[in-house]
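In case you want the letters, here they are:
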Amino acid sequence: MTLPLPEYDDLDAIGLAAHIAAGDASPREVLDAAVARIESRNPALNAVVLDLAERARGAVDDLPDGPLKGVPFLLKDLKAALAGTPTTGSCKLFRDYIPTESSVLVQRYQAAGLQIVGKTNTPEFGLMGITEPDLRGPCRNPWDPDHTPGGSSGGSAAAVAARMVPLAHSGDGGGSIRIPGSHCGLVGLKPTRGRMTMAPFMGDAWQGFVQEHVLCRSVRDCALLLDLTTGPTPGEPYVAPAPARPWSQEVGADPGKLKIAFHREALFADSQHPDCTAAVDDAVALLRDLGHEVVEACPPFPREDLVRAYFLVVAAGVAYYVEEAAAHAGLRPRARDFEPTTWFMALIAWKTTGADMERARQTIQKAARPIAGFMQDHDLFLTATCAQPPARVGQLMPSASEKAQMAALRRLPIKGLLDFALSKMGSSKLAWTPNTQLFNQTGQPAISLPLYWNTAGLPIGVQLAARFGDEATLFRVSAELEAARPWADRRPPVLAG
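In this text, all values refer to a predicted model and were calculated from it rather than measured experimentally.

Across all of its chains, the model carries 23 salt bridges by this definition. The salt bridge involving R491 is made with D10; its shortest N-O contact spans 2.9 Å. Here R491 is found in the segment after α15 (471–484), whereas its partner D10 is found in the segment before α1 (13–21), with 481 residues between them in sequence. Residues D32 and R57 are paired through a salt bridge, measuring 3.4 Å at the closest nitrogen-oxygen approach. Here D32, found in helix α2 (residues 27–45), pairs with R57, found in helix α3 (residues 53–59); they are 25 residues apart in sequence, far enough to count as distant. Look at D32 and you get partly exposed, because its relative accessible area is 30%.

Another aspect to go through is the pairing of strand β5 (residues 187–190). Side chains of β5 alternate between two faces, with V187 and L189 and G188 and K190 buried alike. Relative to strand β6 (residues 211–216), β5 is paired through two bridges, and the arrangement is antiparallel. The residue of β6 that forms the bridge with V187 is C216. Direction of pairing for β5 relative to strand β10 (residues 446–453): antiparallel, over a ladder of three bridges. Pairing of L189 across the sheet is with I447, part of β10.

Next up on the list: unusual backbone geometry. Looking along the chain, the bond that leaves G151 and enters S152 is cis, with omega of 10°. Among the secondary structure elements, S152 is positioned in the loop between β3 (115–120) and α5 (154–161). The omega torsion of the bond from A199 to P200 falls at 0°, within 30 degrees of zero and hence cis. Positive phi, normally seen in glycine, also occurs at F125, with a value near 60°. Along the polypeptide, F125 turns up in the loop between β3 and α5. Unusually for a residue other than glycine, Q207 sits at a positive phi of about 55°. Topologically, Q207 is positioned in the loop between β5 and β6.

As a further point, take α15. An ideal rise of 1.5 Å per residue puts 20 Å on 14 residues; α15 measures up with 20 Å between its terminal C-alpha atoms. All buried positions along α15 are accounted for by E471, A472, T473, L474, F475, V477, S478, A479, E480, L481 and E482. Looking at the packing, one finds that the buried side of α15 touches β5, α7 (219–229), α8 (274–289), β9 (380–384), β10 and β11 (459–466).

The next subject is helix α9 (residues 303–328). Taking 1.5 Å of rise per residue, the 26 residues of α9 would be expected to cover 38 Å, and the 38 Å separating its terminal C-alpha atoms lies within 8% of that figure. In the stretch just after α9, G330 is the one whose phi turns positive, near 70°.

What counts as what
- Residues numbered from 1 in each chain as written.
- Predicted model: local features only at pLDDT ≥ 70, side-chain atom pairs only at ≥ 80, totals over all residues.
- Heavy atoms only, no water.
- Salt bridge = Lys/Arg side-chain N within 4 Å of Asp/Glu carboxyl O.
- Helix = DSSP H or I, 4+ residues; strand = E, 2+ residues; numbered from the N terminus.
- Buried < 20%, exposed > 50% of the residue type's maximum accessible area, 1.4 Å probe, protein only.
- Pairing = 2+ DSSP bridges.
- Expected span 1.5 Å × (residues − 1).
- Contact = heavy atoms within 4.5 Å.

This is the structure we're talking about:
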């Protein structure tokens, strides 16, 4: 099938904006090219769940004269509110929730000239590292549709990897930008805590774990979007340190000789797949070839305590959203209105005392001290982004026995039993994606880069974490790695269909 503007698939956002500015294509022609690709490629992937093409066509002649004027863009259907359009979080009780005001981040996307053409698939309340919500159905990976694109920004990742759009909004509370970035062969940055505003609807989410940004195919796009969308608004609970200069100027700048620590094992799990360790070894060799000092070292941290603290914080956030969704629908919270895992997490929160929550918060903050000290001696810390290659669709959904156990806990929500179930969940559910949560807890910026593919043709990302507030070093070395090992020409098989 011949699609309009064949060059569209090969251009990142900056390249496409330049194409438009040069008069080689109009914003309307580019919009038509994006819509044609969504219509052609989305049915096999289920990445885009809300079509906003007609809305975009109505605004295409009045786009702001921003640096990305005319570039098509997708919003994740979670948190990012676009006035007059549904924001469901893949929860059936929010199917008719239509905000009357756009979030500040979305306003900044629009001011940059981006054309919002749709919304993307996400698990219920962004809770899973896969994207298989009951409301929308599973999203699939363009590199192999039998496999997951990851989550919770799986729809955004699948759409960008399939070249429906050059970049898409995403959010990361435990790896939800970096995990799908790894699974789909994309650049995925979780910014420093406090870098991205959530105005006007909230100050933070999951006690500051969550940061929003984009998934994209080039380091320069990642840097430019950060330049265009950061900046505090009045009433922020905290603010990240301001950059010394625009991040776009760090792309291509000499990083100098860096001291980089690497770890070949999983952070919050007991084992790591050989493919993921091979990706680390490959990146270590490349960084050494580029002249960096790369040493094997890992910061100390109390793993089991941090895993428990992570889930308690997330559970509290989930319980809040469950109550908000029920209130929106004029109902009391009921198990049948939510997915089993969502309800189980809410039960955990409802049985957790204030002292337990404060203990979790103090555990995280105490652990952050030696990790920050470690980062004073190392410019970057390198791991695999995930501990396993992308799972098959359905593989990580609750099994029949797990659903039965959660149903039993609904009937008998005894705190001791819930605590035991939580500990089992921590060891099983993080087995696939245990390497990202630590940096949500510490607030450090971390990026996943597509430097490695396994023999099955699936992307395996590597993760670089920097000191708090130091996205600049991440952009310098990421651009250096991109130049040394370009990934832009890699195209998933779905594009050949």
